[in-house]
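# Coordinate inspection notes
For reference, the chains in residue letters:
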Amino acid sequence: ADEIILGVEKFLEAHPFVDKKRVGAIGASFGGFMTMLLQTRTKIFRAAVAHAGISSISSYWGEGYWGYSYSAFATADSFPWNRKDIYVTQSPLFNADKITTPLLLLHGDADTNVPPGESTQLYTALKLLGRDVEYIQIEDQNHHILQYNKRVLWTKTIMAWFDKYLKNQPEWWASLYPKR
């Protein structure tokens, strides 16, 4: 995360024509996790979108498709009970109070890789904290949004979110997701 932040800072420094007030972050799967984590560490992004991200490394360890088996290699001999520096400190959920960037969470409701609860947990935390967050579940979709019409809506949702926060044009978002 620190390297990404440094890279973005260096990019903005080297390209003064880029509007620093209109920088967004987006990622899916591990990138979704990283997008969430970045928002706990920097205010450089004005809007963020995380698709199928892991918000709690400890819950993913216990129920995610790659959870325990992946950890056996990536974090050998490290478990939620003996490495809180990994499972808690590096988890966006446990740092939700640091997130102030408007965050859109997207998740297929049938995701067998990253359980949708990973987005639900962070959404609930951010709502309780009064943060600007939305959570869109894509019905009958797994880790990848493959059904054409749902993929189109997914893409429009992302673009409308960035229009709302990076271009100050909320109309598209409001047409897709009117207030209830």
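Let me begin by describing the structure that accompanies this report. (Residues numbered from 1 in each chain as written. Predicted model: local features only at pLDDT ≥ 70, side-chain atom pairs only at ≥ 80, totals over all residues. Heavy atoms only, no water.)

## Here's the deal with the overall build of the chain
- For the chain, the helix and strand inventory stands at eight helices and four strands.
- Taking the principal axes of its C-alpha atoms as reference, the chain extends roughly 50 × 40 × 30 Å.
- Counting over 180 residues, the chain shows a buried share of 45%.
- Just so you have it, the chain exposes about 10,000 Å², and 58% of that area is on carbon and sulfur atoms. (Helix = DSSP H or I, 4+ residues; strand = E, 2+ residues; numbered from the N terminus. Buried < 20%, exposed > 50% of the residue type's maximum accessible area, 1.4 Å probe, protein only. Areas by Shrake-Rupley, 256 points an atom, 1.4 Å probe, with all protein chains shown as cover.)

## Remarks on the environment of Lys150
- Inspection of the secondary structure assignment puts Lys150 in helix α7 (residues 148-166).
- Separated by twelve residues in the primary sequence, Lys150 and Ile138 have C-alpha atoms spaced 7.2 Å apart.
- Those residues in contact with Lys150, other than ones at most four positions away along the chain, are Ile138, Glu139, Asp140, Gln141 and Ile145. (Contact = heavy atoms within 4.5 Å.)

## Some thoughts on the packing of helix α1 (residues 2-14) against helix α2 (residues 30-41)
- The interhelical angle for the contact between α1 and α2, taken along N-to-C directions, is 75°, at an axis separation of 10 Å. Put simply, α1 runs roughly perpendicular to α2. Residue-level inspection shows Asp2, Ile4 and Ile5 of α1 in contact with α2, the latter providing Met34, Leu38 and Arg41. (Axes fitted to C-alpha atoms, helices over the stretch in contact; angles between N-to-C directions. Parallel < 35°, antiparallel > 145°, perpendicular 65-115°, else oblique.)

## Quick notes on the sheet that holds strand β1 (residues 24-28)
- On the basis of which strands lie adjacent, the open sheet formed by four strands has the order β1-β2-β3-β4 and parallel pairing. In the strand order of this sheet, the two ends are held by β1 and β4 (133-138), each with one partner. Averaged over all pairs of adjacent strands, the angle between strand axes in this sheet comes to 10°, irrespective of strand direction.
- Contacting β1, β2 (47-51) and β3 (103-108), α2 crosses the sheet at an angle of about 145° to β1.
- This element, helix α6 (residues 117-128), spans β3 and β4 of the sheet and lies at about 155° to β4. (Pairing = 2+ DSSP bridges.)

## A closer look at the pairing of β3
- The element β3 is largely enclosed, with a buried count of six among its six residues.
- Two elements, β2 and β3, share four bridges in a ladder whose sense is parallel. In the strand pairing of β3, Val49 is matched with Leu104.
- As defined by bridge partners, β3 adjoins β4 across six bridges and the pair is classed as parallel.

## Brief notes about α7
- Over its 19 residues, α7 extends 27 Å from the first C-alpha to the last, a length consistent with the 27 Å expected when each residue adds 1.5 Å.
- For α7, the full list of buried residues reads Lys150, Trp154, Thr157, Ile158, Ala160, Trp161, Phe162, Asp163 and Leu166.
- For α7, the secondary structure elements touched by its buried residues are β1, β2, β3, β4 and α8 (171-176).
- Looking one or two residues past α7, Asn168 carries a phi angle of roughly 55°, positive in sign. (Expected span 1.5 Å × (residues − 1).)

## Observations concerning the packing of aromatic side chains
- Using the criterion set out here, one finds six aromatic pairs in the structure.
- Measuring from ring centre to ring centre gives 5.5 Å for Phe30 and Phe33, while their planes differ by 45°; the resulting arrangement is tilted. With Phe30 and Phe33 both in helix α2 and three residues apart, the pair spans about one turn of that helix.
- Phe30 gets classed as exposed once you look at its relative accessible area, which sits at 56%.
- Relative to Tyr165, the ring of Trp161 has its centre 4.7 Å away and its plane inclined at 50°; by these criteria the two rings are tilted. Here Trp161 and its partner Tyr165 are both found in helix α7, four residues apart, which amounts to about one turn of the helix. (Phe/Tyr/Trp six-rings, centres within 6.5 Å; stacked < 30°, edge-to-face > 60°.)

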